[in-house]
Number of protein chains: 2
Amino acid sequence: MREKIKVAVFGTGHMGSGIIKLLLQKQGIDICGVYSKRKERAGQDVGELVGLERKIGVTVTADYVSLLRTTKPDIVIQSTSSTMKDAYTEMESIVKSGANVISIAEEAAYPWYGSADLARQLDRLAAEHKVTILGTGINPGFVLDLLIIVLTGVCYRVDKIVASRINDLSPYGHSVLTTQGVNLKPEDFEKGVRDGSVVGHFGFPESMSMIAAALGWKLDKIEQFREPIVSSVRRESAIGTIQPGYTAGCRHTGIGYMNGKKVIELIHPQQVHPELEKIGTGDYIEIHGDPTIKFSGVPEIPGGVGTIALAVNMIPKVLDAEPGFKSMADLPVPSALMADVRELLKKKG
Amino acid sequence: MREKIKVAVFGTGHMGSGIIKLLLQKQGIDICGVYSKRKERAGQDVGELVGLERKIGVTVTADYVSLLRTTKPDIVIQSTSSTMKDAYTEMESIVKSGANVISIAEEAAYPWYGSADLARQLDRLAAEHKVTILGTGINPGFVLDLLIIVLTGVCYRVDKIVASRINDLSPYGHSVLTTQGVNLKPEDFEKGVRDGSVVGHFGFPESMSMIAAALGWKLDKIEQFREPIVSSVRRESAIGTIQPGYTAGCRHTGIGYMNGKKVIELIHPQQVHPELEKIGTGDYIEIHGDPTIKFSGVPEIPGGVGTIALAVNMIPKVLDAEPGFKSMADLPVPSALMADVRELLKKKG
């Protein structure tokens, strides 16, 4: 059998640490390096960093250029950024080193929407270096785009897509809750939407563009709405107790129009402890057409877990893929990695 | 833009006719020929054959060798058979003519299970002629395999898969109802299972093998059970009125074992008019692991429609694919074809 697949992880936050822990459970993978922007983490053993009781003999570095040069990874999982602008420089270095990239940057799930020039540059560079770049994650990348696309495959005709993901923000910490506008007076939430501090979900235009591209639809407009979810009960959160009348989260809606008609409607109400107001979490997909298809998952697929799993599970698909910048809709379907990754590769050697 | 994609259809039964009608609604496709085994159909205009009020200027032929030679299709959709043994000779001719194949033969969805030698031969032949062969269909090919595989993509670990498809056989005619053992005394149903006249669902070993291959599981045993669904009420069917005490259908179960443990359980109770005993139809998928994922579609994705849609929707994916014999898990995800098929091709020209 070929040598183990050398995987480097860029990023040691919640997602990066989760990816490292999952990689350590998989066979045929050798974590060859870990990069952290946070200089104070440099030199720390990766096993200890992610909370294991053992060292794994790989230390965190704050210098990814040297990591790439000395360890020559086959693939890098990037969990350092959300935008293509932030992800670009690392991606460029990784590709030039001859490694493939799996990025969980939200914009990388469909970079042709917001960063078409960067996407084209990286696509050319990846082709030149014979490597593949993939953007993935639970959302964008799976629930509100890939899964919808898959389900349209059984339709003669699709007229309209309506999908919602109702989830619970209570596992999340300060930074996520702040960008979701949690624990604000409704008027401060509205102000936050206007000044950009309340962001809501990141990735609707990417999801809608991925769906449209897969079906061959040309969207003429994408709109987004962020509305406060005002609590009528007390809810506990990582940024304090939410009193009735304050926000528990953000109801974010994305609408895609074609020829002036709504053809994609994605609805993502995110809040802490929805169960306190008897709101069940879940993923709901409706494809209106011939036939109309309705699928739902209850409770919702957990977001952090799903993103970590996809980043790791896509390794053999990316290693087997044609060179270039790809989306989840361009590659074979994801699947859980339940054997030595080398056994799942079609390209041998 | 390149010329229209030339598609030939082999088979003019319920599925073949449905495929032709759907192809006629799609842009960028030219139906270049239609083959029927039934000699009495030769010479008939295809438009009239499928019940349109107009001729389309293509006549049915009973000679597919000459069809391939004179019309040079880019792709042939094969709906003439269920087994690889029956599908093989046509597939070989199609591939040698330089055309791609989309087959709805159930065994072609994963031919490496039951016909590994034929699959390997065709894979080599397809590689030699630089064309792709794909087996697809609602089941095997989508609900109880591809959709399950996709959903495992968000899992750290999968322990066991349990999925069921509860559907209504009442749209089907004599031949389907007979192979499902409808309208029999329970003891005659059991006799039919023993003598092979009651078949139930066709494709469980294929679905289970496709799932196992995607995850890297090695199944050591596949079992199948066919039990009568005995009606307690009167139900009308295409093979007569079913009296209480007679069978309304077949509850077919497939179980895949790994290391002696059940790891895949597929359950497919098919019967006419399940609503008469308050049984709702639907597709239900449970992936037990970390995390456990539960998805369901209610009512079930219609079987005939789904198979026809997949056969047509997969055209651009097959034209873009690498040469060889592929399963649905090897190709990019299916998606509804809502634009000129040529716009959806990545390979141009």
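Just above sits the structure.
Residues numbered from 1 in each chain as written. Chains lettered and ligands numbered in written order. Predicted model: local features only at pLDDT ≥ 70, side-chain atom pairs only at ≥ 80, totals over all residues. Heavy atoms only, no water.

Caption draft 1: Looking closely at the overall build of chain A. In terms of regular secondary structure, chain A is built from twelve helices and 13 strands. Relative to the globule expectation of 20 Å for 349 residues, the C-alpha radius of gyration of chain A, 21 Å, shows essentially globular dimensions. Within chain A, the proportion of its 349 residues that are buried is 58%. For chain A, restricting intrachain contacts to residue pairs at least 6 apart in sequence, the fraction spanning at least 24 positions comes to 73%. (Helix = DSSP H or I, 4+ residues; strand = E, 2+ residues; numbered from the N terminus. Rg over C-alpha atoms; globule rule 2.2 N^0.38 Å. Buried < 20%, exposed > 50% of the residue type's maximum accessible area, 1.4 Å probe, protein only. Contact = heavy atoms within 4.5 Å.)

Caption draft 2: Seen up close, helix α4 (residues 84-96) of chain B. Residue and element names in this part refer to chain B. With 13 residues, α4 should reach 18 Å at 1.5 Å per residue; the first-to-last C-alpha distance of 17 Å fits that figure. At Glu90, α4 shows its maximal kink, close to 30 degrees. Positive backbone phi, approximately 90 degrees, marks Gly98, located one or two places after α4. (Expected span 1.5 Å × (residues − 1). Bend = angle between axes of the 7 residues up to and from the residue.)

Caption draft 3: Molecular detail of the nonpolar core. Core analysis: the largest hydrophobic core is formed by 152 residues, its most contacted members being Leu23, Phe142 and Ile315 of chain A together with Leu23, Phe142 and Ile315 of chain B. Beyond its immediate stretch of four places on either side in the chain, Phe142 of chain B contacts Val150, Leu151 and Val154 of chain A together with Gly137, Leu147, Ile301, Leu310 and Pro334 of chain B. (Core = buried A, V, L, I, M, F, W, Y, C linked by side-chain atoms within 4.5 Å.)

Caption draft 4: View of the relation of the copies chain A and chain B. With an RMSD of 0.0 Å, the operation that places chain A on chain B is a rotation of 180 degrees combined with a shift of 0.0 Å along the axis. Expressed as an axis order, the relation between the two copies is that of a two-fold axis. Residue Pro332 of chain A of chain A places its C-alpha closer to the rotation axis than any other residue of that unit, at 2.1 Å. A share of 100% of the interface residues of chain A reappears at the interface of chain B, consistent with the copies meeting face to face through the same patch. (Least-squares fit on C-alpha atoms with pLDDT ≥ 70 in both.)

Caption draft 5: Local environment of the sheet that holds strand β12 (residues 293-297) of chain B. Across the sheet, twelve strands lie side by side as β8(A)-β9(A)-β10(A)-β7(A)-β11(A)-β12(A)-β12(B)-β11(B)-β7(B)-β10(B)-β9(B)-β8(B); this open sheet has mixed pairing. In this open sheet, the two edge strands, each paired with only one partner strand, are β8 (221-230) of chain A together with β8 (221-230) of chain B. Across the sheet, the axes of successive neighbouring strands diverge by a mean angle of 10 degrees, strand direction being ignored. Here strand β11 (residues 282-290) of chain B runs beside β12 of chain B; their pairing, made up of five bridges, is antiparallel. Note that in β12 of chain B the partner of Glu286 of chain B across the bridge is Lys294 of chain B. (Pairing = 2+ DSSP bridges. Axes fitted to C-alpha atoms, helices over the stretch in contact; angles between N-to-C directions.)

Caption draft 6: Geometry of the interface of chain A and chain B. Listed by partner, the interface residues are 53 residues for chain A and 53 residues for chain B. Buried surface at the junction of chain A and chain B, both sides included, amounts to about 4300 Å², of which 66% is carbon and sulfur. Interface area lost by chain A to chain B is led by Tyr156, Phe295 and Met338 of chain A, which between them contribute 18%. A salt bridge links Lys346 of chain B to Asp330 of chain A, with the shortest nitrogen-to-oxygen separation between them at 3.2 Å. Joining chain A to chain B, the criterion identifies 19 residue pairs in polar contact (both at pLDDT 80 or more). Listed by contribution, the elements that provide at least two residues to the side of chain A that touches chain B are α7 (146-152), β7 (157-168), α10 (204-215), β12 (293-297) and α11 (303-313) of chain A. In terms of residue class, the side of chain A that touches chain B is made up of 36 nonpolar, eight polar and nine charged. In terms of strand pairing, β12 of chain A meets β12 of chain B through three bridges, oriented antiparallel. (Buried area = accessible area lost by both parts, 1.4 Å probe. Salt bridge = Lys/Arg side-chain N within 4 Å of Asp/Glu carboxyl O. Polar contact = N/O pair within 3.5 Å; in protein donor to acceptor, adjacent residues only side chain to side chain. Nonpolar A, V, L, I, M, F, W, Y, C, P; charged D, E, K, R; others polar.)

Caption draft 7: Spotlight on the sheet that holds strand β2 (residues 29-35) of chain B. Residue and element names in this part refer to chain B. In spatial order, the strands read β3-β2-β1-β4-β5-β6-β13; together these seven strands make up an open sheet with parallel pairing. Bordering the open sheet on either side are β3 (60-61) and β13 (324-326), each of which pairs with just one other strand. Judged from the four bridges that link them, strand β4 (residues 75-78) and strand β5 (residues 100-103) form a sheet pairing that is parallel. Residue pairing across strands places Val76 opposite Val101, the latter belonging to β5.

Caption draft 8: Geometry of helix α6 (residues 116-128) of chain A. Residue and element names in this part refer to chain A. In this model, α6 (13 residues) spans 18 Å end to end at C-alpha, consistent with the 18 Å of a helix rising 1.5 Å per residue. Among all positions in α6, only Ala119, Leu122, Leu125 and Ala126 are buried. Mapping the buried residues of α6 onto a view down its axis gives an arc of 130 degrees, with all of them on the same face. Across from the buried face of α6, at angles greater than 90 degrees, the exposed residues are Asp117, Arg124 and Glu128. In this structure, the buried residues of α6 make contact with α4 (84-96), α5 (111-114), β6 (132-135) and β13 (324-326). In the stretch just after α6, Lys130 is the one whose phi turns positive, near 55 degrees. (Arc of directions from axis to C-beta.)

Caption draft 9: Unusual backbone geometry, seen in detail. A cis amide bond links Asp290 of chain A with the next residue in sequence, Pro291 of chain A, at an omega value of -10 degrees. Here Pro291 of chain A shows up in the loop between β11 (282-290) and β12. Positioned with a positive phi, Asn259 of chain A is a non-glycine residue whose angle comes to about 50 degrees. Even without a glycine there, the phi angle at Lys278 of chain B is positive, about 60 degrees. With respect to the secondary-structure elements, Lys278 of chain B resides in the loop between β10 (261-271) and β11. Note on Lys278 of chain B: relative accessible area 80%, which makes it exposed.

Caption draft 10: Focus on the packing of helix α1 (residues 14-25) of chain A against α11 of chain A. All names here are of chain A. Where α1 meets α11, the closest approach of the two axes is 9 Å, and the angle between their N-to-C directions is 55 degrees. Considering their axes alone, α1 and α11 lie oblique with respect to each other. As α1 runs across α11, the sense of the crossing is right-handed. Mapping the contact onto sequence places His14, Met15, Gly18, Ile19, Leu22 and Leu23 in α1 and Gly304, Thr307, Ile308, Ala309, Ala311 and Val312 in α11. Broken down by class, the residue content of the contact of α1 with α11 amounts to eight nonpolar, four polar and no charged. (Parallel < 35°, antiparallel > 145°, perpendicular 65-115°, else oblique. Left-handed = near helix turned anticlockwise from the far one by under 90°.)

Caption draft 11: Here's a closer look at the packing of aromatic side chains. Per the counting criterion, the structure on display carries ten aromatic pairs over all chains. Arranged with centres 5.0 Å apart and planes meeting at 70 degrees, the rings of Tyr35 of chain A and Tyr64 of chain A form a pair that is edge-to-face. With Tyr35 of chain A in strand β2 (residues 29-35) and Tyr64 of chain A in helix α3 (residues 64-71), this residue pair connects regions lying 29 residues apart in the sequence. Residue Tyr35 of chain A shares its accessibility class with Tyr64 of chain A, and that shared class is buried. When the centroid spacing of 5.6 Å and the interplanar angle of 70 degrees are considered together, the rings of Trp112 of chain B and Phe325 of chain B count as edge-to-face. With a gap of 213 residues between them, Trp112 of chain B in helix α5 (residues 111-114) and Phe325 of chain B in strand β13 connect regions that are remote in the sequence. We classify Trp112 of chain B as partly exposed; its relative accessible area is 27%. Classification of Phe325 of chain B as buried rests on a relative accessible area of 3%. (Phe/Tyr/Trp six-rings, centres within 6.5 Å; stacked < 30°, edge-to-face > 60°.)

Caption draft 12: Examining the side chain of Thr132 of chain B more closely. Residues and elements named next belong to chain B. Among the structural elements, Thr132 can be located in strand β6 (residues 132-135). The buried category is assigned to Thr132, whose relative accessible area is 1%. Excluding residues within four positions of it along the chain, Thr132 makes contact with Asn100, Val101, Val318, Ala321, Glu322, Pro323, Gly324 and Lys326.

Caption draft 13: How the structure looks around the environment of Val65 of chain A. All names here are of chain A. Relative to the elements of secondary structure, Val65 occurs in helix α3. On the basis of relative accessible area, Val65 is assigned to the partly exposed category, the value being 45%. When the C-alpha positions of Val65 and Ile161 are compared, they lie 43 Å apart, and in sequence the two are 96 residues distant.

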